[in-house]
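# Inside the fold
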Amino acid sequence: METETEPSRAKPFLRVLAGEAVWPPPVWLMRQAGRYLPEYRATRTKAGNFISLCTTPDLAAEVTLQPIRRYGMDAAILFSDILMVPWALGQGLRFAEGEGPLLDPIRSPEGIAALNLDGVLAKAAPIFETVRLTRAGLDEHHPKTALIGFAGSPFTVACYMVEGRGSKDFAATRGMAFSDPTSFGRLIRILQDATTEYLVAQVEAGAEALMLFDTWAGLLPPSQFRRWVIEPSAAIARVVRKRCPTTPIIGFPRLAGPMLPDYAARAAVDGVAMDTSMDPRWAAQAVPATMPLQGNLDPLALVAGGAALEAEARSILAAMRGRPFIFNLGHGIIPPTPPEHVAQLMRIIRSA
Ligand code: CP3
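Residues numbered from 1 in each chain as written. Predicted model: local features only at pLDDT ≥ 70, side-chain atom pairs only at ≥ 80, totals over all residues. Heavy atoms only, no water.

### Considerations on the overall build of the protein
The test is simple: Secondary structure elements are defined from DSSP: runs of H or I of at least 4 residues count as helices, runs of E of at least 2 residues count as strands, and each element is numbered from the N terminus. A radius of gyration in this sense is built from C-alpha atoms; the matching globule rule multiplies 2.2 Å by the number of residues raised to 0.38. Burial classes: relative accessible area under 20% of the type maximum marks a residue as buried, over 50% as exposed, and values in between as partly exposed (1.4 Å probe, protein chains only). Only heavy atoms matter for contacts: two residues are in contact if any of them lie within 4.5 Å across the pair.
On a plain count of helices and strands, the protein comes out with 18 helices and 9 strands. Expected size for 352 residues packed as a compact globule is a radius of gyration near 20 Å; at 19 Å, the protein falls within 12% of this value. By the burial criterion, 58% of the 352 residues in the protein qualify as buried. Partitioning the intrachain contacts of the protein with sequence separation of at least 6 by distance along the chain shows that 73% fall at a separation of at least 24.

See below:
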């Protein structure tokens, strides 16, 4: 029996990424492990700071599994952060309370040359250990839940590396891409190589699917979108696919808008995640019916709960019915989200 010889094939999340229109659709939520959960806040306090939490495998595995224990999502996502790749490359990183991430900005050829590509796998070793522990925990207690590994896409990670912090327009980064494409291209190339190795190592440690987060992709005009979003993502996906042929990759080109079909056709990913601004009815027509889509409930609807949550979730479900689809948010859960609204959402999806 296929389900006995190939247990992963029984996981609904992986069946969808193999092209099957499973219904009701599998569900997981971006930032499902996070500050809205009291048990997360307790473990986070124990770790001291966010980077220690990401690099202490038993604590990181614990927070990865917390939402699965509560709600039984179809996928768990490794608890880490996209900025752990610059950290593993040797860039100074800290998470300041109430300020988000702060990095020592890199804006010169010397700064780029100082990045240590050869040290990435050794420095990120605790993260791969987290993957191993989490997978063991899922295999033992949640055999239908798949484990997702992830990384930021080169462009979005470069945004933080160049800017040194969050920004609404990442003007220094976009400026560098235009005024010094040679240096910017060198940085993107280092990130492409680091990310490829980092993702393959997650698969070797037990990740069953991968996601590439490109949060700031939508800041770019089309020519730059093709050069700095589609091309590097495709280069990563092609090498990862060669080395890990059975591991599907989901791409999340946030705010791509009308560039979504181009991304779906050329980024070499197996599935595409939609952000909150995407009309799922438009995406259903614009992206081939065989391509799995994921998304895209507004996290604020989850904060609201009740009838607003139900109406919004049902309209996404109606637009996606009949195609391979994974229910998710269009961006991460935010801290004020009442945990019982996540339970309400799970009931809505399970009864679709
Ligand atoms: O549950 C999951 O989704 C897995 C873990 C995960 C985190 N960050 C944990 C986290 C994932 C997949 C990410 C991705 C990430 N990190 C992205 C891409 C997706 C997106 O949200 O757009 C980006 C841009 C980052 C960078 C980042 N990390 C920022 C801007 C911040 C500060 C904002 C905030 O919410 O505090 C972080 C910190 C961070 N990453 C937290 C978590 C749970 C909060 C840290 C804390 O607990 O204090």
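### So, helix α3 (residues 38-47)
Put simply, the test is: Our arc is simply the arc of the directions from the helix axis toward the C-beta atoms.
Taken as a whole, α3 has its buried residues at Y40, T43, R44 and A47. Down the axis, α3 shows its buried residues gathered within 105° of arc, on one side only. In α3, the exposed positions angled more than 90 degrees off the buried face are occupied by T45 and K46. Those residues of α3 hidden inside the fold are in contact with α4 (50-55) and α5 (57-71).

### Quick notes on the packing of helix α10 (residues 154-163) against helix α11 (residues 171-179)
Each packed pair of helices is defined by two parameters, the angle between the axes and the distance between the axes. For clarity, the cut-off: Comment: axis = line fitted to C-alpha atoms, over the contacting stretch for helices; angle = value between 0 and 180 degrees taken between N-to-C directions. Any angle between 65 and 115 degrees counts as roughly perpendicular, while under 35 counts as roughly parallel, over 145 as roughly antiparallel, and the rest as oblique.
Axis separation between α10 and α11 bottoms out at 8 Å; the angle between their running directions is 110°. Classified by the angle their axes make, α10 and α11 are roughly perpendicular. Residues F155, A158, C159, V162 and E163 of α10 lie in contact with α11, whose contacting residues are A171, A172, T173, R174 and M176.

### Side note on the site of the ligand
Spelled out, the test is: Throughout, near means a residue has at least one heavy atom within 4 Å of the molecule or strand. For this analysis, a polar contact is any N or O atom pair within 3.5 Å, provided that within protein one partner can donate a hydrogen and the other can accept it, and provided that sequence-adjacent residues contribute only side-chain to side-chain pairs. Methods summary: accessible areas were calculated by the Shrake-Rupley approach with a probe of 1.4 Å, and residue burial reflects only the protein chains presented. Amino acid classes used here: Ala, Val, Leu, Ile, Met, Phe, Trp, Tyr, Cys and Pro are nonpolar; Asp, Glu, Lys and Arg are charged; the rest, including Gly, are polar.
As a matter of local geometry, the ligand sits amid 22 residues, with R31, R35, Y40, D81 and H331 nearest to it. Between the ligand and R35, the relevant distance is 2.7 Å, taken from an oxygen atom to a side-chain nitrogen or oxygen of the residue. One of the side-chain N or O atoms of D81 is found 2.7 Å from a nitrogen atom in the ligand. Compared with its free state, where it exposes 870 Å², the ligand has 87% of that area covered by protein. Elements that contribute at least two residues to the shell around the ligand include exactly α3 and β3 (100-103). Across the shell around the ligand, the residue classes tally to 13 nonpolar, 5 polar and 4 charged.

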